[in-house]
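Each chain, written out:
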Amino acid sequence: MDKLVSLSKRRGYVFQSSEIYGGTGSVWDYGPLGVELKRNVKEAWWRAMVHMRDDIEGLDAAILMHPRVWEASGHVENFTDPLVECRNCHRRFRVDILLAETGAADLEHAQCPSCGKSGQWTEPRQFNLMFKTQKGAAEDSADVIYLRPETAQGIYVNFLNVQQSARQKIPFGIAQIGKAFRNEITPGNFTFRTLEFEQMEMQFFVKPGTDGEWFERWRELRWKWHQETIGLAADRLRYHPHEKLAHYASAAGDVEFFFGGTIGDEGWGEIEGIHNRTDFDLGRHQEYSGKKLQYVDPQANERYLPYIIETSAGADRVTLAVLANAYREEEVEGEVRTVLSIKPSLAPLKAGVFPLVKKDGMPERATQIHEDLRARGIPSFYDESGAIGRRYRRQDEAGTPFGITVDGETMADGTVTVRERDTMQQTRISQDEVVRYLEERIR
Ligand code: GAP
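Within any chain, residue numbers begin from 1 and follow the written order of that chain's sequence. Totals for whole chains, interfaces and linings use all residues, but because this is a predicted model, local features are given only for residues with pLDDT of at least 70 and pairs of side-chain atoms are given and counted only at 80 or more. Excluding hydrogens and water, the side-chain values take into account all heavy atoms of the structure.

Chemist: Lay out the nonpolar core with the relevant residues and their values.
Modeler: Taken as a class, soluble globular proteins show a tendency for nonpolar side chains to be buried jointly. Counting 49 residues, the largest nonpolar core has Met200, Phe259, Ile271, Val322 and Ile342 as its most contacted members. Considering each element in turn, this core owes the most residues, eight residues, to helix H10 (residues 315-326). By convention a nonpolar core is built from buried Ala, Val, Leu, Ile, Met, Phe, Trp, Tyr and Cys residues, the set being connected through side-chain atoms within 4.5 Å. Under the scheme applied here, a residue whose accessible area is under 20% of the maximum for its type counts as buried, over 50% as exposed, and between as partly exposed, the area being computed with a 1.4 Å probe on protein chains only. Secondary structure elements are taken from DSSP: a helix is a run of H or I of four residues or more, a strand is a run of E of two residues or more, and numbering for both begins at the N terminus.

Chemist: How would you summarise the packing of aromatic side chains if you had to cite specific residues and measurements?
Modeler: Note on aromatic contacts: the rings of Phe and Tyr and the six-membered ring of Trp form a pair at centre separations within 6.5 Å, being stacked when their planes are under 30 degrees apart, edge-to-face when over 60 apart, and tilted otherwise. Using the criterion set out here, one finds 13 aromatic pairs in the structure. Measuring from centroid to centroid gives 4.8 Å for Trp28 and Phe190, while their planes differ by 85°, and the two rings are edge-to-face. Of this pair, Trp28 sits in strand E2 (residues 28-30) while Phe190 is found in the loop between strand E9 (172-181) and strand E10 (196-206), placing the two residues 162 residues apart along the sequence. Classification of Phe190 as buried rests on a relative accessible area of 5%. An aromatic cluster of three or more residues is present, and its members are Phe159, Phe172 and Phe205. Over the aromatic face of Trp214 sits the side chain of Arg217, whose NZ or CZ is 4.2 Å from the ring centroid. Ring-over charges, as used throughout, are those where CZ of Arg or NZ of Lys falls within 6 Å of the ring centre and within 35 degrees of the ring normal.

Chemist: Describe helix H12 (residues 388-398), and please don't skip the residues or the numbers.
Modeler: Regarding H12, the residues found buried are Arg391, Tyr392, Gln395, Asp396, Glu397 and Ala398. Among the residues trailing H12, Gly399 stands out with phi positive, at a value near 90°.

Chemist: Summarise the environment of Gly188; cite the residues concerned and give the values.
Modeler: Its place among the elements puts Gly188 in the loop between E9 and E10. Placed 74 residues apart in sequence, Gly188 and Thr262 show a C-alpha to C-alpha distance of 9.5 Å.

Chemist: Give me the lowdown on the environment of Ser18, citing residues and values where you can.
Modeler: Along the chain, the position of Ser18 falls in the loop between strand E1 (14-16) and E2. The spacing of Ser18 and Asp29 is eleven residues in sequence and 8.6 Å in space, taken between C-alpha atoms. Contacts are assigned to residue pairs with any non-hydrogen atoms lying within 4.5 Å of each other. Excluding anything up to four places from it in sequence, Ser18 contacts Gly23, Thr24 and Asp29.

Chemist: Tell me about the packing of helix H2 (residues 32-51) against H10, and please be specific about residues and values.
Modeler: Axis definition: a line fitted to C-alpha atoms, limited for helices to the stretch in contact. Angles are taken between N-to-C directions and run from 0 to 180 degrees. In the contact formed by H2 and H10, the axes pass within 9 Å of each other and the chain directions differ by 115°. Between H2 and H10, the interaxial angle falls into the category roughly perpendicular. Helix-helix and strand crossings are classified by hand; for H2 and H10 the assignment is right-handed. In this structure, H2 contributes Leu37, Lys38, Val41 and Lys42 to the contact, and H10 contributes Ala315, Asp316, Val318, Thr319, Val322 and Leu323. The labels follow the angle: roughly parallel below 35 degrees, roughly antiparallel above 145, roughly perpendicular from 65 to 115, and oblique for the rest. Whether a crossing is left-handed or right-handed is set by the direction in which the near helix is turned from the far one by less than a right angle, anticlockwise for left-handed and clockwise for right-handed.

Chemist: A description of the site of the ligand should follow, citing residues and the corresponding values.
Modeler: Consider each residue's heavy atoms; a residue with any of them within 4 Å of a molecule or strand counts as near. The full set close to the ligand counts 21 residues, and Glu150, Glu184, Glu201, Glu270 and Glu310 are the nearest of them. Here an oxygen atom of the ligand sits 3.0 Å away from a polar atom, N or O, in the side chain of Gln199. To measure how exposed things are, a 1.4 Å probe is used in the Shrake-Rupley method; for residues, cover is taken only from the protein chains shown. Expressed as a share of its isolated accessible area of 560 Å², the protein-covered part of the ligand is 93%. The set of elements that each furnish at least two residues to the shell around the ligand consists of E10, strand E13 (268-278) and strand E16 (307-314). In terms of residue count, E13 provides more of the shell around the ligand than any other element does, six residues in total. Classes in brief: Ala, Val, Leu, Ile, Met, Phe, Trp, Tyr, Cys and Pro nonpolar; Asp, Glu, Lys and Arg charged; the others, Gly included, polar. Of the residues belonging to the shell around the ligand, the class tally is five nonpolar, six polar and ten charged. Polar contact criterion, stated in full: a pair of N or O atoms within 3.5 Å, where within protein one must be able to donate a hydrogen and the other to accept it, and residues adjacent in sequence count only if both atoms are side-chain atoms.

Chemist: Can you explain the pattern of salt bridges? Please cite residues and give values.
Modeler: Here, a salt bridge means any side-chain nitrogen of Lys or Arg that lies within 4 Å of a carboxyl oxygen of Asp or Glu. In total, this model carries 39 salt bridges according to the counting rule given. Here Glu329 ties to Lys3 by a salt bridge, and the two come within 3.1 Å at their closest N and O atoms. One end of the pair, Glu329, is in strand E17 (residues 327-332); the other, Lys3, is in helix H1 (residues 2-10), with 326 residues separating them in the sequence. In this structure, Arg374 engages Glu371 in a salt bridge whose closest nitrogen and oxygen atoms are separated by 3.1 Å. One end of the pair is Arg374 and the other is Glu371, both in helix H11 (residues 362-375) and three residues apart, which spans about a single turn. Accessibility expressed as a relative area gives 45% for Arg374, which makes it partly exposed. In the salt-bridge network here, residues are joined through shared partners; they are Arg328, Glu330, Arg337, Asp396, Arg419, Arg421 and Asp422.

Chemist: Any chance you could break down the sheet that holds strand E23 (residues 426-430) for me, citing the residues and the numbers?
Modeler: Whether parallel or antiparallel, the strands of a sheet pair through hydrogen bonds between backbone atoms. Spatially, five strands are ordered E20-E19-E21-E22-E23 in an open sheet, and the strand pairing comes out mixed. Pairing within the sheet leaves two strands with one partner each, and these edge strands are strand E20 (380-382) and E23. On average, each strand axis in the sheet is tilted by 25° relative to the strand beside it, whichever way the strands run. When DSSP finds at least two bridges between two strands, those strands are taken to pair. Here strand E19 (residues 351-355) runs beside strand E21 (residues 402-406); their pairing, made up of five bridges, is parallel. Opposite Gly352, over in E21, you have Gly403 as the bridge partner. Docked against the sheet, H12 engages E19, E20, E21, strand E22 (415-420) and E23, running at close to 170° with respect to E19.

Below is the structure:
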């Protein structure tokens, strides 16, 4: 993880937020390459969940919602972690994590990870993870308003709006990508657990009684997406069914990725949760809003509250999994080569374009290829500085899958060298073929 953090900063994937002020704990910024990678992850999800399906509609609900939403959802009451404070150094810890990390049987025997004192803990206190702020100009009379801790509720309250406007019939789903905020007390582990993050959530509305079958179907589909679309290695993925269920769920499980280090359970961390939320959410919103949220089946002439199967993935965690999955070091000709083997479809840059030397018309020819690629929506990077080997290495580290080199032969016969990042194999093709060659390998 340390190597990944350092490469992320060096190559412009991820920076610490407000770094010049000493940083803000558990908040990160995506740099030029990071923002592209995360966008590609989100686009791959949107394509699989919305564009490729007739039975899922997209939505972009607001972050700020009516405060009653969070009472109905159970977050005001239940979205809490038990916290203790060390009386000596005043640092706060989550009780379960403190016990797991110190290996102590109870609080009395737990040593403070910060100052080393034993058993100096305050009584555990429930701490709500929602960020609270206020709406309106006058602070005293202002309404309390929360930053949403999940995107899902924006979907539930719009269930009938979407169903009726899109003329969908059950079973159907609503998908959304957006920011969520949680005042997490356990800090750290890079972008794995942060205060502000993006979720890619889909809520699938089904007839009660068919929920068990849909839960299994969505579990399989999401598992396949992580392996086939995102390219995460099969031996670094596992499915972990929940024994302890959240207040809203009747069945749940996580897709976990092996990050290593101190993340999650011995290096295995959740990247997506799949939940059978029953009719809990619609039932509660119906009760708290006083508005009927039943689905009317015109054919069967039935009315019912649908059950919901939720797939909830973290865009930041999947992006981190892509980076961790892609990172490798190998020895090439006595030197360490660092490579990010990101799938070409997700890589921020698809090609580096290099004139071998800065003369004899090569820069002009390489610039033309760079422009042709850009015009076809293939992000590329033009680089004419330094030895060609060093230019290749820079792009290997950035995760760029192809290098196109213009050399003396190009000027004579119109062919270029295409170098493949993972194998370092070189192929000669016609300059006119470059766009098609890359398009075939990227998509
Ligand atoms: N709507 C259900 C829900 O929010 P969750 O398991 O709490 O379920 C879903 O969150 C996903 O959101 C997780 O699998 C994870 O990828 C991401 N996530 C949750 N908390 C996060 C945090 N503090 N930082 C980064 N990602 C987080």
